[in-house]
Number of protein chains: 2
Amino acid sequence: MVKIAVLGCGTVGGGVFKLIKQNANDIEQRIGQKVEVKKVLERDADKAHSIGVTTELCTSYDEILQDDEIKIIVELIGGTEFAYDCIIKAIEAGKNVVTANKDLLAIKGEEIFSLAKQKGVDICFEASVAGSIPIIGPMQNVLCANTFSAIVGILNGTTNYILTKMNDFGLSYEEALKQAADLGYAEANPSSDVEGTDAARKIAILGSLAFNSRCTLSNVYCEGITKIVEKDIILAKKLGYTIKLIGMAKEKDDKIILFVRPTFVPMSHPLASVNDVFNAVFLKCDAADEIMLYGRGAGEMPTASSVVGDVMTICNSIANNTTGQHGLDCYKQKEILPIGELESSFCLRLRVADKPNVLAGIASELGNRGVSIESVIQSPVPDVDMASLTIITHKAKEQALQDAISSLKEKEYVEKAYIFMCLDKTN
Amino acid sequence: MVKIAVLGCGTVGGGVFKLIKQNANDIEQRIGQKVEVKKVLERDADKAHSIGVTTELCTSYDEILQDDEIKIIVELIGGTEFAYDCIIKAIEAGKNVVTANKDLLAIKGEEIFSLAKQKGVDICFEASVAGSIPIIGPMQNVLCANTFSAIVGILNGTTNYILTKMNDFGLSYEEALKQAADLGYAEANPSSDVEGTDAARKIAILGSLAFNSRCTLSNVYCEGITKIVEKDIILAKKLGYTIKLIGMAKEKDDKIILFVRPTFVPMSHPLASVNDVFNAVFLKCDAADEIMLYGRGAGEMPTASSVVGDVMTICNSIANNTTGQHGLDCYKQKEILPIGELESSFCLRLRVADKPNVLAGIASELGNRGVSIESVIQSPVPDVDMASLTIITHKAKEQALQDAISSLKEKEYVEKAYIFMCLDKTN
């Protein structure tokens, strides 16, 4: 029998409790021992009982730390303050940790994982990225013989839901966000979702894992979806793309670039058909080539699936006396490149005066910076003397595009200019 | 340093050798020790050298068995005779085994896995199902807290390539098969692919794993793709489906049903966009809900990715002194149901005389057996006095459909009658 404590009785905490109960027999058969939630740290007893928690509630964390029977602490509090203290103290006390806390791991990963290693305890975090989707496990196990060159993910369900509704039903951003909020997919303050921060935390964790070099939230260039307008979506469709909020970590010549941004994804790409609240992670590896892992990125039972899977992994470590091997050790230190160094094809959107020589002027601003044009669509904007111009470039450095945009914005004939990255097989 | 032997120097054997060399540094960092291919069992020295194998070649298996330094045997011979002997002898000699041999595991799984457990050695088989795709690992680890209710897979790249070309370019089965053969995707004798046997072996392995109850090849109802005609494909498209060769294992009330058959997959289903030689496995689980794992199902480096991943897993077991825990233990014994017990919606295709009362006659044959109709499309067949009739049924028992078909075939107005299963979210 392995006894565990759960910190925090929110949606996921309730799911963990329920899942351990619901599949108790199979869990016991599979790992050769029972798992029991001995204590739950939660001040609000009514809340705990309302989600079916029948175990002993504590209000003091020390009580859990001092309980020698408790071998695994499941941290589901979230945030970077009290949760940080809890995890550090658990490790110091020689207890193994399961956490879903991406906020914390994307900032304090190095400290937490190295302390765990030093103290010989496991720290498992499958639920911190993409909810139920097996991604940490496969990268650390089945795919561990590969060198990864890129990870491309749809890592936030709220924004994917919003973009799917904008794409499929022509909703505006505001309408789609309202629908997401009504369905409980978006929080009262959705900023960490819609600004891309949530996805950025996850891509920092995945980048650390893929490239064996620590990546943190501050290394991730981040752009959200709040500025996307219906016309962008329509245009993407016309060109054979769909707009997704993509989190990406890629490596070239031992240097890493990480970002989250709205991206034109070709309809033929496996990520293009990942819709609604579903998440997916696409991996580019030297041996396995292309792998995509797809599923629910959040929710009570899907997240509990990964948390309880981690608990079972640690139960095996305990039984084998091999704790201290699960974590996220980074044995290399690679340079992080600024976003300007990104090489990709881009979609440049402009609103310009509808008069002679405008296209020539724009094309030469691009050409002078080595950016070559793959295709152009120009259409008049009704009722004003303006034109909407869309340019798909060949592969170019982002900095060259940004310089061209700065320069174009100074021209009297340019009213607006912005870019989307275009995903392709070579990104 | 862990020393291994590789049996068989075909495409995958060469890939394993290459991958261990290519990523030697990272492999060592990740598992804390070097991996060396000490011996290769291969009679054809020219073949071995031509694919870059520089290690010692043996022609006698005993030499490998008697080499105490060799801790892991990688069986890549295939087939069920010599490979079977090799694996049994390896286990008897206390050596751990990595195998990609689905033919063998789908027939002799029980014997092999129980012997391995008894002898305390690991047997890993990630590459036996869906090449590079992490599926055995995630089911045994990250998803191990779940109860699975169904596994639905596109498990054979050759047939998926053929069906993709028939669908996208209107090729006939024969034309698409020729193209697959020209590209090296189909073997000279493609029968185990196109008749569904290859996929059936894989679904037997996945069924055993998902339901903790041994499933073998003979438990799998199997239908290939050779009878699919262009009109079936066109019709499926018109109705919003694409035809895929689906392998499925599902459980209901502790009973298992397993099959491989051409299936109407709705375009909105994640499996519908799995094209060309790619494979994918879709899992229905109680906690994680829907998971899909996608990638290359065959090929030199993709298969080597899974094989070397397994080798690294066993290296960890050896270092930890915990071998004997990796295998496929089935702790339940569940009844296998005949295909007639399958409940699904179906697409019934008929070619009938174009005269009054025919539809009424067919509808009453179905209705009398409790099969209700969701939709009907009738169109005349040019130049003859016949009509093509397509009926999508509501959920019904397959046996009822088959009985109706038998009875319909006796009517003078029915020339042809056959069915496709339709996949839906409730299958």
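These figures come from a predicted structure and were not determined experimentally.

Time to look at the pairing of strand E18 (residues 414-422) of chain A. All names here are of chain A. Sheet topology places strand E10 (residues 255-266) next to E18; two bridges connect them, and they run parallel. When the sheet's bridge partners are listed, threonine 263 is paired in E18 with methionine 421. Across eight bridges, the pairing between strand E14 (residues 343-353) and E18 is antiparallel. Each residue of the ladder has a partner; that of cysteine 347, found in E18, is phenylalanine 420.

Across the boundary between the two partners, chain A contributes 46 residues, which contact 47 residues of chain B. Carbon and sulfur atoms supply 51% of the area buried between chain A and chain B, which totals about 4000 Å² over both sides. Put simply, chain A and chain B have four salt bridges between them. Aspartate 289 of chain B is the partner of arginine 296 of chain A in a salt bridge, and the nearest nitrogen-oxygen pair spans 2.5 Å. For the side of chain A that touches chain B, the elements supplying multiple residues, two or more each, are helix H1 (11-22), helix H2 (24-31), helix H7 (136-140), strand E12 (289-296) and helix H13 (300-320) of chain A. Inspection of the sheet shows E12 of chain A paired to strand E12 (residues 289-296) of chain B by three bridges, in the antiparallel sense. The residue of E12 of chain B that forms the bridge with methionine 292 of chain A is tyrosine 294 of chain B.

Taken domain by domain, chain A consists of domain 1 (2-129 + 300-320), domain 2 (137-296) and domain 3 (340-422). On a C-alpha basis, the centres of domain 1 of chain A and domain 3 of chain A stand 51 Å from each other.

Leu206 and Leu283 of chain A together with Leu206 and Leu283 of chain B are the most contacted members of the largest nonpolar core, which totals 168 residues. The residues contacting leucine 283 of chain B, other than those within four sequence positions of it, are Ile135, Met139, Leu143, Phe148, Ala150, Ile151, Asp289, Glu290, Ile291 and Leu293 of chain B. Listed in part, the 84 residues of the second largest apolar core include Ile257 and Ile405 of chain A together with Leu350 and Ala404 of chain B.

With that settled, consider the packing of helix H14 (residues 358-368) of chain B against helix H15 (residues 398-409) of chain B. All names here are of chain B. It is at 9 Å that the axes of H14 and H15 come closest, and there the two elements cross at 145°. Relative to H15, the crossing made by H14 is right-handed. Between H14 and H15, the contacting residues are Ile362, Glu365 and Leu366 on the first element and Leu401, Ala404, Ser407 and Leu408 on the second.

Attention now goes to the sheet that holds strand E4 (residues 70-75) of chain B. Residues and elements named next belong to chain B. Pairing in this open sheet of six strands is parallel, and the strands run E3-E2-E1-E4-E5-E6 from one edge to the other. Either end of the sheet is taken by a strand with one partner, and the two such strands are strand E3 (56-58) and strand E6 (123-124). Bridge analysis of strand E1 (residues 2-7) against strand E2 (residues 35-41) gives six bridges, and the strand direction is parallel. By the bridge assignment for E2, alanine 5 is matched with lysine 39.

Time to look at the environment of alanine 387 of chain B. Positionally, alanine 387 of chain B belongs in strand E16 (residues 386-393). Not counting chain neighbours up to four residues away, the residues in contact with alanine 387 of chain B comprise Leu350, Arg351, Val352, Asp354, Gln378, Ser379, Pro380 and Val381 of chain B.

On the surface, Leu359, Ile373 and Val376 of chain B cluster together to form a nonpolar patch covering roughly 200 Å² of accessible area. Tracing the backbone shows valine 376 of chain B in strand E15 (residues 373-381).

Residues and elements named next belong to chain A. Residue placement: lysine 21 occurs in helix H1. On the accessibility criterion, lysine 21 (56% relative accessible area) is exposed. For lysine 21 and valine 37, which are 16 residues apart along the polypeptide, the C-alpha to C-alpha distance reads 9.4 Å.

The subject of this paragraph is the side chain of arginine 261 of chain A. Note on placement: arginine 261 of chain A falls in strand E10. Apart from the residues within four sequence positions on either side, arginine 261 of chain A is in contact with Tyr221, Glu223, Lys244, Leu245, Ile246, Ile339, Leu342, Phe346, Glu398, Ile419 and Met421 of chain A.

All names here are of chain B. Even without a glycine there, the phi angle at alanine 130 is positive, about 60°. The class of alanine 130 is buried, set by a relative accessible area of 1%. We note that aspartate 276 has phi near 55°; this positive angle belongs to a residue other than glycine. With respect to the helices and strands, aspartate 276 occurs in the loop between strand E10 (255-266) and strand E11 (278-285). With relative accessibility at 29%, the residue aspartate 276 sits in the partly exposed group.

Once turned by 180° and shifted 0.0 Å along the axis, chain A lies on chain B with an RMSD of 0.0 Å. The operation mapping one copy onto its partner corresponds to a two-fold rotation axis. Rotation axis and chain A: the residue whose C-alpha lies nearest the axis is leucine 293 of chain A, separated from it by 2.3 Å. In this assembly, 100% of the residues forming the interface of chain A have copies in chain B that are likewise at the interface, indicating an isologous arrangement.

A few words now on the packing of aromatic side chains. Residues and elements named next belong to chain A. Under the counting rule described, the total for this entry stands at 12 aromatic pairs over all chains. Aromatic pair phenylalanine 278 and tyrosine 294: ring centres 5.0 Å apart, planes at 5°, arrangement stacked. Separated by 16 residues along the polypeptide, phenylalanine 278 in strand E11 (residues 278-285) and tyrosine 294 in strand E12 bring together distant segments of the chain. One exposure class covers both phenylalanine 278 and tyrosine 294, and it is buried. Above the plane of the ring of tyrosine 84 lies lysine 108, whose end atom (NZ or CZ) is 4.9 Å from the centre.

Residues and elements named next belong to chain A. Regarding helix H12 (residues 230-238), the residues found buried are Asp232, Ile233, Leu235 and Ala236. Angularly, the buried residues of H12 cover 165° about the axis, an arc narrow enough to put them on a single face. In this structure, H12 carries Lys231, Ile234 and Lys238 as exposed residues pointing more than 90 degrees from its buried face. Structurally, H12 contributes buried residues whose contacts are with helix H8 (157-169), strand E9 (241-252), E10, E14, strand E16 (386-393) and E18. Phi turns positive one or two residues past the end of H12, at glycine 240, with a value near 90°.

Criteria and cut-off values
- Each chain has its residues counted from 1, following the order in which its sequence is written.
- Written order determines the labels here, with chains lettered from A and ligands numbered from 1.
- At least 70 in pLDDT is required for a residue's local features to be given in this predicted model, at least 80 for side-chain atom pairs to be given and counted, and no such filter applies to totals for whole chains, interfaces and linings, which use all residues.
- Derived side-chain values reflect all non-hydrogen atoms in the structure, with water molecules and hydrogen atoms excluded from consideration.
- Any two strands with at least two DSSP-identified bridges between them are counted as paired.
- Numbering goes from the N terminus for both helices and strands, where a helix is a DSSP run of H or I of at least four residues and a strand is a run of E of at least two.
- Contacts: residue pairs with any heavy atoms within 4.5 Å of one another.
- Once two parts are put together, the accessible area they lose, assessed with a 1.4 Å probe and summed over both, is termed the buried area.
- The term salt bridge refers to a side-chain nitrogen of Lys or Arg lying within 4 Å of a carboxyl oxygen of Asp or Glu.
- Source of the domain bounds: an automatic or database domain assignment.
- Side-chain atoms within 4.5 Å link the members of a nonpolar core, which is a set of buried Ala, Val, Leu, Ile, Met, Phe, Trp, Tyr and Cys residues.
- Burial status follows relative accessibility: with a 1.4 Å probe on protein chains alone, a residue under 20% of its type maximum counts as buried, one over 50% as exposed, and anything between as partly exposed.
- All axes are obtained by fitting lines to C-alpha atoms, using only the stretch in contact for helices, and the reported angles, taken between N-to-C directions, cover 0 to 180 degrees.
- Each crossing gets its handedness from the near helix: less than a right angle anticlockwise from the far helix is left-handed, clockwise is right-handed.
- In this scheme, patches are assembled from residues that exceed 30% relative accessible area and form no salt bridge. Like charges are connected within 9 Å, while nonpolar side chains (Val, Leu, Ile, Met, Phe, Trp, Tyr) are connected within 5 Å.
- Accessible surface area values rest on a Shrake-Rupley calculation with a 1.4 Å probe, where residue burial reflects the displayed protein chains alone.
- For this overlay, a least-squares fit was computed on C-alpha atoms, restricted to residues scoring pLDDT of at least 70 in both copies.
- Under the pairing criterion, centres of Phe, Tyr and Trp rings, with the six-membered ring standing for Trp, must be within 6.5 Å; the plane angle then separates stacked pairs below 30 degrees from edge-to-face pairs above 60, leaving the rest tilted.
- Whether a charge sits over a ring comes down to the Lys NZ or Arg CZ being within 6 Å of the ring centre and within 35 degrees of the ring normal.
- By arc we mean the arc of the directions from the helix axis to the C-beta atoms, nothing more.

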